[in-house]
There are 2 protein chains.
Amino acid sequence: MLEKKLTMFPLDKIQITDNFWKGYMELVRTHVIPYQWEALNDRIQGASPSCCIQNFRRAAGLEEGGFEGMVFQDSDVYKWLEAVAYSLTWHPDEELEKTADEVIDLIAGAQQPDGYLDTYYILNGLEKRFTNLMDNHEMYCLGHMVEAAVAYYCATGKRKFLDVASGYVNCAYENLGREEGKKRGYPGHEVAEMALVALYGITGDEKHLKLAKYFIDERGQKPLYFEQERKEHGSEFYWKDSYFQYQYYQAGLPVREQKKAEGHAVRAVYLYTGMAEVASAAEDRELFEACERLWNNIVEKQMYITGAIGATAYGESFTFDYDLPNDTVYAETCAAIGLIFFARRMFEITKDSRYTDVMERALYNGVISGMSLDGTKFFYVNPLEVVPEASEKDHNKAHVKVERQKWFGCACCPPNVARLLSSIGGYAYETSEDAIYMNLFVGGDMETVLDGRENQFHVKTNYPWDGTVTVQVENAEDSTFTFALRIPGWCRKWSLEVNGQDNAFVMEKGYACIKRTFQNGDQICLKLEMPVTLVSANPRVRENIGKVAVMRGPVVYCLEEADNQDQLQQIYLKEQSEFDVKYEKNLLKGVVTLTTQGKRVSEKNWDVRTLYQPYTGKIYEEQTLKFIPYYAWSNREPGEMLVWVRI
Amino acid sequence: MLEKKLTMFPLDKIQITDNFWKGYMELVRTHVIPYQWEALNDRIQGASPSCCIQNFRRAAGLEEGGFEGMVFQDSDVYKWLEAVAYSLTWHPDEELEKTADEVIDLIAGAQQPDGYLDTYYILNGLEKRFTNLMDNHEMYCLGHMVEAAVAYYCATGKRKFLDVASGYVNCAYENLGREEGKKRGYPGHEVAEMALVALYGITGDEKHLKLAKYFIDERGQKPLYFEQERKEHGSEFYWKDSYFQYQYYQAGLPVREQKKAEGHAVRAVYLYTGMAEVASAAEDRELFEACERLWNNIVEKQMYITGAIGATAYGESFTFDYDLPNDTVYAETCAAIGLIFFARRMFEITKDSRYTDVMERALYNGVISGMSLDGTKFFYVNPLEVVPEASEKDHNKAHVKVERQKWFGCACCPPNVARLLSSIGGYAYETSEDAIYMNLFVGGDMETVLDGRENQFHVKTNYPWDGTVTVQVENAEDSTFTFALRIPGWCRKWSLEVNGQDNAFVMEKGYACIKRTFQNGDQICLKLEMPVTLVSANPRVRENIGKVAVMRGPVVYCLEEADNQDQLQQIYLKEQSEFDVKYEKNLLKGVVTLTTQGKRVSEKNWDVRTLYQPYTGKIYEEQTLKFIPYYAWSNREPGEMLVWVRI
C-alpha cells in the first residue's frame, strides 16, 4: 500500500500564534507580498523591471509590445498568487483578494483558444511553442500556474483560475505524450509533476494524473528527447563540458534507474517530489523505491548540516558523495525548500520521522537563512563559511554574497520562501481520518474532524528556544483518535505526559503516538531536553575533518565576526566545552545565544612578513566565543561567518 | 648603485654532471626538444595541429593559405629555438643546429620590409597590426623572438636571428612610443621588457633599452591605453565582471604605484622581471623599490610553499593576501618559472640570498612538478591537494588534472620548462669579475676568468638528497677572488671548510663568502644538515590552519594515495614525529622517502549511512605514513595527493 496516509492540515482551519513563526508569516503578508506586487508591476525604483504583468497585458491584447524579461517570467505571478492564496486562508483581506481576482482575469484573458498559456510564445510566435522544452520553461510555468490555481481554489473556493490552469494542462496533454502525433517531451525544469497530482486531487480528472505519470516515466528514456530536440533547433548544448550532461535536468537516465541526486538541485528535488506524488497516487512501489534511494543519497551523503543542498554554483548543482565545501557551496534557498517539499511527501506516505526530521532541519536553518529578519532582503546562496574579501576577490566565491540582496529581476527564492512560510501550518500538522501528526512544534489553534467529531487543539510552545510543548484538547464530545508527536532525531532525553501520566503513548517510526479517547480539557505535555550539542560530520566529508558544528535543538549555530573578530579559521573549541545559554530578547529579534570559553591560534610568534616557518607546536590564546543561530547571520554589520569550527 | 653586479654563468663554460639535474637536461634534449619539433610541424598523431611552422611558411609565401592556431602561435617556435640554443651550448649537435638555422631562414623569409614579423597579422591583414596590443600578443611574440635570438647568438655566434629580431624591435620602436605619430601602446602579455634589455646588452643600441623603458613607464598611465584601444575596435571587455579589471594585465595603474601582485600570474612576474632589468640598466631606484614591494607581497603573502603562485584558475591569477587554497589553486608551471626569472634579476642586483632561496624553492618543487619523470607529460596546474573525483565532478576543480597531459595544441608550460632546465647552469652559478656565486647546489665543471686568470671548479654533490657539497679549484696560477656559497634559509646547522679550515669565510646577505687567493687543488666543503622539518603557514592562511607541510632540505614532501590509501584528509601527523629517511634508488627515478608513525581519524564509530552525529571526541587509528617528494607525485597510478597534513 503506497497511497498517501496523511494530508496537509487545511490552512483555513489553523490559526498560528507561534512566537517564532507568526512573525515570519506576518513579514510575508505585510512586506513580501506587497513588495512583490509592486515588483511584478515594475514599480520598484532602481530595480530592473520584471515585465511580468506587462507581458500578460500584451499577451491579452490590452497593450502593444513584445515579450520582455526571462523566459520563465510568467511563473513569478503564479508564485505570488500562491503565496496570496495561503495568506488569505489565515488572514482574509478583501482588497488583496480583489487584486488577485483581477490578475486571474488578466491571465485568463491571455489564454489561447486551445488552452495554451505562456506569454513568451504567445508574444514571440506560437508556431515555436513546445520546441524547446529543455530550456524554455513552458512546463515550469504551467506547473507553477497549477500550484497557484489549486492553492487559490482551496483558499477561496473560486474555480476560475483552476479552470484556466486545467485548460493549459489539457493543451499540454494534447501535445505531449506517447500517442501518435504528440511530442514525447517533458519538462526541462520540473515542478509540473507534483502540481498535476495536486490538480488531480481536486479535479479527479484521470488525464491530469496520466500526464504527471507520463512526465515521470518518459524522462530520460532513450533516445533522449532533449538531445533530439536540441538537434532539431540546432543549438549548442550548454552543458557539453560538464560532468553531469543531461543529468543536469535529471534526464540522462530513466528516473527509476537514478541512484544519486545529480544536476541542478532545485530541479532534482522538485522532480523527486513529483515522483513521490505519482508513486503514491498510482501506487507505484518501484517508483517509490527510487524516491527512497534518492532521498537516502541526499540525506546520507549530500546534505549540509543546515538542510541545504547543492554543493556547487556550476549548474547550481549536486556534485558527489561527501563533497560539502562550506565556502564555495551553492545551497540555494529554493533547493532547501524543495527538499522540504520532498520530505513532506515521503512522510505522508510513510509516517516516518526520518523525513520530518530533515524538514525541520532545513526549515530552521537553510531556508529561513534566506530571508533577512526584516523580510526585505534575500539570499539565493546560503554558505556555511564566509570571508568578505574572498567573495570580492576570488571568482570561485563571487556567488557567495556577504549581505542579502534586495529582491528584483529574476527572483525565484523570495517568492518560494513566501509561499512556504505562509503555508507553514500545513507542514507542521498533517491529518488522516483518525489521526493528527505534529511534525513541527508550532504554536496555534486548530480545528478538525476526527472520529467524525469536531476537535480543537491549542498548542503552546516557545520552540525552538525551549523544548516544552503543551497541547490542550477541546471537544464537545469524546473522540477516539491518535495524536502523534514527532520526537526529533536530535533529542536524546524527553518526556511526554497526558494529563500528568507518562505512559500514554507508543512509539511508531519516531512519533510518540497517543491513541485514546480524548476528552475536553485533555492536556498533552511534551518536554524535549535541549542541551548544546557538538556535532561531527562523517570523516569522509573533507571540509569538516577536525571540526564540529554547534547545535541546540534543531538550530544550527555559527560564529560571526561581529561577536568574535575576524580570522575565524583560527578559532578552536575546547573539548568538553561548557556553554552559557541565554535568551537575548533584543538581539536579532530575540535569539538564544551560546557563549563558551574557546581559544584561538596565536599570531604572537609570527612576523607579518613571514609566510612559512618551522612548526613550533600549538600555541593558542584564550577567547570567549559567542555563537548565534545560523539563520540570523548577516543581520548586523557585514563580516566573516563560520559554522564548522575547529576543535 | 643599482646596476647588475652579477651575470649568469656562461652556459658554454659549464658542464653539468649533477645526478639530479643532468637527467632533466638530457630529458629535455632527447625527448622534449625533438617532440616539440614534431609538434611544431604537425606531425604528432592524434594531436590537434600546432600550425606554427605552417603559418611561417605561408607568411613567407612558400605556400598558400591563411593563419591557423592561437593568436600567439609564433611564440612556440621561438621558445623551441631558445631551448635548442641552450642545449647546443652544452651538447653541440650539428644536425639540430642545421634544423634551427633553417627555421631561422624561414622566419627571416616572413619578415616584412619594415621589420614587422607576426604571422597572425601578415596573414590576416597588416592594416590591422598594432590595433589590439591588449589581447593579440604581437609584443609577446616579439619578446620571445628576442629572447630566443639572444640565446641563439650566445650559443652559436650567428647573428642572423639577432638581426631579424632587431628588425622587428625597430619596427615596434617606430610604431609605439610617446612621440608624435606613434601609438602609446605596450604589451598585453609582458615578456618583451626583459627581452629588450637582454638585446640591449648585446647590441648596445639605446633604442632597445629605450623601448623597454617606455613599455614599463607607460604601462597603466591614465588615460588607459587598453581601454581606449578596446573602445576603438568596439569589443567587449572580457574581464568586465572581474575584481581585477585592467590589473589582469598589470595595466590598471602605473607600475610604480602597484603594491600587490595582481592579475594573471605569469604576466605579472614577467613584467616584474622586466622592471628589475630596466631598473638595473637605467639605474632607476624608484622602479627597483617597486620591484621590491611586489616581490615582498608575493613571497610574504601570496606564494605557495612549493614556490608556486596564482591562487585561482579565473584569469590564472593572483587573488588576495594569504589566500592560498590548495585544491582550487592554479599554480601554473610557467608562473613558478617566471618567479625564478624575477628572483634571478633581483639577486643579480642585490646579491641577497632571499631571492635565490625562493629560486631554489620554486625550482625543486613547483617547477619540476610540471614535468613527468620520463619527460613526456606536463602539468599546467600544480595543485597541493588533489582528489580525483573532485577533479572530475566539481567544476571548480576541473582545471586540476590528476595526471599530467601529453603536450600539444596551445603549449606554454612545456617549452618554458625546457628552456629553464636546459639553461639551469646559468641560474645555479653567477659571476662578476672577481667573484663566483653558487646559488644552487648543482654538480658540474666550470671554467671562468677571475682575477684575470683562468680558473676551473669541480663541484660534486648528491643534493638535494644530501647536504654535502665539495668544490675543487683548479688553476695554473694563484687567483684572488671570492667564492660565495648560498646558505639556504631552510638550513639551521651547517659547516663550511676550505682545505679543512672552518673560519675561512664571512657571511654577506645569506652567502658564505670565501675571499682569498685560491691555489690549485684548494678544496671547499659545505655541509648542510638536512633534518626533516615540519613547516607551518602563517595563521592568516585559512587553508593551512592546524596543518603542517613536511620538508627536507629544499624539497617539499607530499602524501600520495599509492602509499597511504585514500581519504588523505583523515591523516594526522603526531607531535614530535620521527621520520625514517631512506634513499630509494628504484622508486620514482631515485628519491629520498620519509616514513613516520602517524594516525588517521577513525571511521569505526561511523555508519556509512550517517552524515552527522554528536561529537564523541577524537578517535584515531595508527597508520604508518610515507611521504614522497612533491615534484614526483602522479608518476604512478592516479590517486589522491596532499601536501598540507593535519597535526
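Residues numbered from 1 in each chain as written. Chains lettered and ligands numbered in written order. Predicted model: local features only at pLDDT ≥ 70, side-chain atom pairs only at ≥ 80, totals over all residues. Heavy atoms only, no water.

A. Structural context of the interface of chain B and chain A. Across the contact, 67 residues belong to chain B and 66 residues belong to chain A. Scanning the region where chain B abuts chain A turns up 8 salt bridges. We note a salt bridge from B:R542 to A:E640, for which the minimum N-O separation is 2.9 Å. One can count 32 residue pairs in polar contact (both at pLDDT 80 or more) joining chain B with chain A. Counting residues per element, the ones that place at least two in the side of chain B that touches chain A are helix 12 (285-302), helix 14 (353-367), helix 15 (388-393), strand 16 (532-537) and strand 22 (612-614) of chain B. Residues of the side of chain B that touches chain A, tallied by class, amount to 30 nonpolar, 18 polar and 19 charged. In this structure, strand 16 (residues 532-537) of chain A lies alongside strand 22 of chain B, joined through 3 bridges in antiparallel fashion. Within strand 22 of chain B, the residue paired with A:A537 across the bridge is B:Y612. (Contact = heavy atoms within 4.5 Å. Salt bridge = Lys/Arg side-chain N within 4 Å of Asp/Glu carboxyl O. Polar contact = N/O pair within 3.5 Å; in protein donor to acceptor, adjacent residues only side chain to side chain. Helix = DSSP H or I, 4+ residues; strand = E, 2+ residues; numbered from the N terminus. Nonpolar A, V, L, I, M, F, W, Y, C, P; charged D, E, K, R; others polar. Pairing = 2+ DSSP bridges.)

B. Representation of the sheet that holds strand 13 (residues 506-508) of chain A. All names here are of chain A. The sheet built from 6 strands is open, its strands ordered 1-6-7-11-14-13 with mixed pairing. Pairing within the sheet leaves two strands with one partner each, and these edge strands are strand 1 (7-8) and strand 13. Helix-sheet contacts for helix 14 (residues 353-367) involve strand 11 (479-486) and strand 14 (511-518), and the interaxial angle to strand 11 is about 55 degrees. (Axes fitted to C-alpha atoms, helices over the stretch in contact; angles between N-to-C directions.)

C. Structural context of the domain arrangement of chain A. Residue and element names in this part refer to chain A. Here the domain parsing of chain A yields domain 1 (7-428), domain 2 (433-528) and domain 3 (532-646). On a C-alpha basis, the centres of domain 1 and domain 3 stand 35 Å from each other. Taken together, the 30 residues of domain 1 in the interface contact 28 residues of domain 3. Approximately 2500 Å² of surface area, both sides summed, lies buried where domain 1 meets domain 3, with 61% of it carried by carbon and sulfur atoms. When the buried surface of domain 1 facing domain 3 is broken down by residue, I305, Y322 and L373 rank first, second and third, together holding 28% of it. Applying the counting rule to domain 1 against domain 3 returns 0 salt bridges. The tally of links between domain 1 and domain 3 comes to 13 residue pairs in polar contact (both at pLDDT 80 or more). Elements represented by at least two residues in the side of domain 1 that touches domain 3 include exactly helix 1 (21-40), helix 14 and strand 4 (385-386). If you tally residues by element for the side of domain 1 that touches domain 3, the top one is helix 14, at 4 residues. (Domains from an automatic or database assignment. Buried area = accessible area lost by both parts, 1.4 Å probe.)

D. Here's a closer look at the relation of the copies chain B and chain A. With an RMSD of 0.0 Å, the fit of chain B onto chain A corresponds to turning through 180 degrees and sliding 0.0 Å along the axis. Considering both components of the superposition, the chain copies are consistent with a two-fold axis. Across chain B, the smallest distance between a C-alpha and the rotation axis is recorded for B:N396, namely 3.5 Å. (Least-squares fit on C-alpha atoms with pLDDT ≥ 70 in both.)

E. Focus on the sheet that holds strand 13 (residues 506-508) of chain B. Residue and element names in this part refer to chain B. Read from one edge to the other, the open sheet built from 6 strands follows the order 1-6-7-11-14-13, with strand pairing classed as mixed. Two strands lie at the open edges of the sheet, namely strand 1 (7-8) and strand 13, each paired on one side alone. Looking at chain direction, strand 11 (residues 479-486) and strand 14 (residues 511-518) are connected through 8 bridges and run antiparallel. Within strand 14, the residue paired with F483 across the bridge is I514. Packed on one face of the sheet, helix 14 meets strand 11 and strand 14 and runs near 55 degrees to strand 11.

F. Structural context of the pairing of strand 17 (residues 547-552) of chain A. Residues and elements named next belong to chain A. Burial analysis of strand 17 places 6 of its 6 residues in the buried class, the great majority of the element. Residues K547, A549 and M551 line one face of strand 17 and the alternating positions V548, V550 and R552 line the opposite face, and both faces are buried. Bridging between strand 16 and strand 17 involves 4 bridges; their strand directions are antiparallel. Among the inter-strand pairings, L534 is bridged to a residue of strand 17, identified as V550. Across 2 bridges, strand 17 lies against strand 25 (residues 645-646) in antiparallel orientation. The residue bridging K547 from the neighbouring strand is R646, located in strand 25. (Buried < 20%, exposed > 50% of the residue type's maximum accessible area, 1.4 Å probe, protein only.)

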